[in-house]
Structure formats: structure tokens, C-alpha cells
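# Close look at the chain arrangement
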Amino acid sequence: TLYGRNEDNDDINEIGVYLQSETNLSSKLKLLLAVRIDDHNVLKDPVFSPRAAFIYRPNEKQNFRITYNRAFQTPEPGDFFFDFNVWSSLGGLPYDVRLRGVPETGYNFRRNGNGGIGGLYMQSPFTPGLFGGPSTYLPAEATQMWGAIVDILLAQGINISSLPPPNSGQVGTILRMLNVSTEKFEDIVPGDVIDITPLEPGRTTTFEIGYKGLINDKLVLNANVYYENNKNFIAPYVVETPNVFFEPNSLTAYLRNFMSTASADSLAEVITGIPVGTVTPKEGDPADLLVTTRTFADISHFGGELSLTYYPNNYWAFNGNYSYVSKNFWERKEGEPDDIALNAPKHKIGLGIQYTNLQLGLNSQLRMRYVNDFPVISGIGIGTVPSYFVMDLFTSYKLPFNRNFEVVLSLQNLLNKKHREFIAVPEIGRLAILRLKYSF
């Protein structure tokens, strides 16, 4: 029911080949090479994903690595095949608002010098059958639909049939896009109408330098820095086809030639709220508002991670970690549908203390976490996750009369700091879990 006309044509076949090799260049230096090739029947081209790494081990306690990796993420099946109505009518007007996936051809708008505003063309549910009906492409020019406006208003008890029809030199045309979230039309310019190219897989390319080592047999150090480039994000589903409206100022001025200022202003307000056509792509449905997605953007950032664990003796361990991301939000560029967020914080800090006594069968750990506030753009909404600090306690004790029995206590968010870890989710308070385990 979600794939509509695509229900019988929604099979996905993906064939992949993976090859990996490891070569010892010397007793201390290893080269790892890998390649993966995937062919997806809906995507235009096969995807090539290489990987390479140099691993240097000067001794048993230290490890240096330099890696290059390119990975991909295929769009979800619905991004190709969705086909269902979001709304069956638009304020009682004969428009459907239809959510559709992106076909292999993409969506391409008609545009040339003979078109209307911005050279664009529209389809209208008000086009008479004598002139080809709603499937006919007409220049995106509102005044062509004056007759439809007369009929709509007459059905509401307003008769303007005696007014001479305006022409494009007298009354202008504007474009407005429906915002599904607010259910309101918002002004756009013709340059915002952009062809939707066939979907491409998301690509992530990463360069990383890392180190892991044991220092003085007591301190474990793990550190790495990286650079990451991301391409082809899946945009949120939005309306991509604007509607054609009468331009308010020129229409008001025109109507004032035939009636009082107050009457002209009131009538213009009614008329300019009626969409008279839809700028639809060649692959769209006549006059329907198209809700769909697209792949877009090419962004980069760098980051780093550091973790330390110190073992003063056989019982105690102290650990800490810090991660940093240089950028987690990118404002929309011209020609792009939306801003981009990594949905991750720039700063995360963790501290922990662990006590282990094998003779007593006791293991206990206190962990503290700080997460910096961060913006979120996702399918469930847009917002900001406030920063938060929580403490967690984990304790396990093996019973002395039978070590197969173990009591495990988990206290998450020990101090009961109410917080959210993502948008549109409930606050998290303290969670205590007590378990009795038996190991065979």
C-alpha cells in the first residue's frame, strides 16, 4: 500500500564482491588492502569502495596505523518506490499531495523561454478538456486561469464575471511552496525550482592516523585524529513542486480600477489564496503536489579521540576519554533543500573508576559522562539536544557459597538528572536494574 504503482516493480537486487589482502612488508610493518564492488539494480552505476591501511608495530606494546577508507550507504527502498497520497485534497481544491520515491530518471522540470515565470510550465486541474485537461503543460502564468477563479468564487456566492480578464502585463504571477509541517504556502523564487537527479548512494571517505600503546605497563593510551568527507545525504521529504498564484500587489491595483479600495483589497486577498496550477516535472502526476526526497551536499569535517586508562595496581583502574568534532552543522547552500546536521555533539567527555577483586568476586565501576548540546535534523523533527551530565554505577558480586550465582546492580543516571539524549523523546531519569545471574 505504500508503493502504489510500484508494488509490482519494487524488487531490489544487489550483487557484491569483496576482496582483502594482508601483506607483511617487514617484521614490524603490515599493509592491508581491501576493495568492495556493489552493483544495485536501481542505482545507475556500481559502487567502488576501497580501503588501505599501514600498521606499524615497533614492539608488542605499541601500534601505529594510517588508514584510508571509503564506504557507502544505499538509500532505503521507499526512497525509490514510495507512492501514496499524503492528502487527498488541498483545502477542498482538486489537488492531491502525493509522496513518491525518486525514479531512475529523477524528476525534470520543463523550462524554456516560452514558459511563464522563470520560463517554467505548470499543469492545472482547472484546464478544460477542450484544451487537453489537467495533463496539458501551460506556461506558469496565473492570468490564464482567470476563468477558473470566476467559477470558484461564483460557487461561493461571489460573482465577478463582469470584470474583464486581466493579462500578464496587468497582473503578475508568483510561486509558493507548501510547507507540509506548517500546512502553509511560503513564497519562493523560480531559481528554487531545481531538477531532482537520480538518487546516489551516500559516500563517506575517511583518512585516519591512530596510536594505541601500553606505557610503563600501567597506562594504556589510545589516540586518533581523522578527516571525513560526506556526500549525498538523503534530504527530508518535502514538497518539491511549487504552486502558481496571482501576485497580490498587481492584482489589488487592477481590481481597484473597477471597485472601491476596500472591496478590491478584500477580493484580492481571497483570489491570491487560491493556487491555480502546479509546476510539475515531466515524471510527475498532472497538477499533483509532489512530496519526495533527493541526495545532496558535499561536506567535510575533522575530529579526534583520546582515551587513557591507568592501572595503579591489580585492583583499581582509572579511565577517561574525550572526543571532538570540528563541525556538526552546515547551513543550506543555494540549490540545496535543507541544512545538514551530524546529529552528534562537538564535545564528549567520559571519566570512570573501576574496582575489581577476583578473590571476592566483586567488580564495580562508576562512570561519568558529559555531552555538549548539539543540533538535530532528522525524519522525526528539527531541534537541539541540550547538554547533559550523568553518572552511572555498575556493580556485580559473585556469591561466596556458589560462584555460579552473581548479583548484578545497574544504576543508570545515578543522580536522577532528567535529560533528553535526542529530540522528540521523553526525558530520561534514573533507571535501576537488579539481576540475579546463574552461569553454567
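Residues numbered from 1 in each chain as written. Predicted model: local features only at pLDDT ≥ 70, side-chain atom pairs only at ≥ 80, totals over all residues. Heavy atoms only, no water.

What follows deals with the overall build of the protein chain. Broken down by element type, the protein chain carries 4 helices and 27 strands. Principal axes of the C-alpha set define a box for the protein chain whose edges measure 100 × 50 × 40 Å. Counting every position in the protein chain, which comprises 440 residues, the buried fraction comes to 39%. Total accessible area on the protein chain stands at roughly 24000 Å², and carbon and sulfur atoms take up 54% of it. Here the protein chain contributes 38 positively and 45 negatively charged side chains, and the mean placements of these two sets differ by 13 Å. (Helix = DSSP H or I, 4+ residues; strand = E, 2+ residues; numbered from the N terminus. Buried < 20%, exposed > 50% of the residue type's maximum accessible area, 1.4 Å probe, protein only. Areas by Shrake-Rupley, 256 points an atom, 1.4 Å probe, with all protein chains shown as cover. Lys, Arg positive; Asp, Glu negative; His and termini not counted. Charge placed at Lys NZ, Arg CZ, Asp CG, Glu CD.)

The next subject is the sheet that holds strand β5 (residues 83–87). Taken together, 4 strands build an open sheet; the order of strands is β5-β6-β16-β13 and the sheet is mixed. The open sheet has two edge strands, β5 and β13 (238–239), and neither has a second partner. (Pairing = 2+ DSSP bridges.)

On the basis of which strands lie adjacent, the open sheet formed by 4 strands has the order β10-β9-β14-β15 and antiparallel pairing. Each having just a single partner strand, β10 (184–188) and β15 (277–278) make up the two edges of the open sheet.

All chains considered together, the criterion is met by 17 salt bridges. The shortest N-O distance in the salt bridge between E22 and K30 comes to 3.4 Å. As a salt-bridge pair, D265 and R256 come within 2.9 Å of each other at their nearest N and O atoms. With a relative accessible area of 31%, D265 lands in the partly exposed category. One network of salt bridges, with partners in common, ties together R5, D83, R98, R100 and D285. (Salt bridge = Lys/Arg side-chain N within 4 Å of Asp/Glu carboxyl O.)

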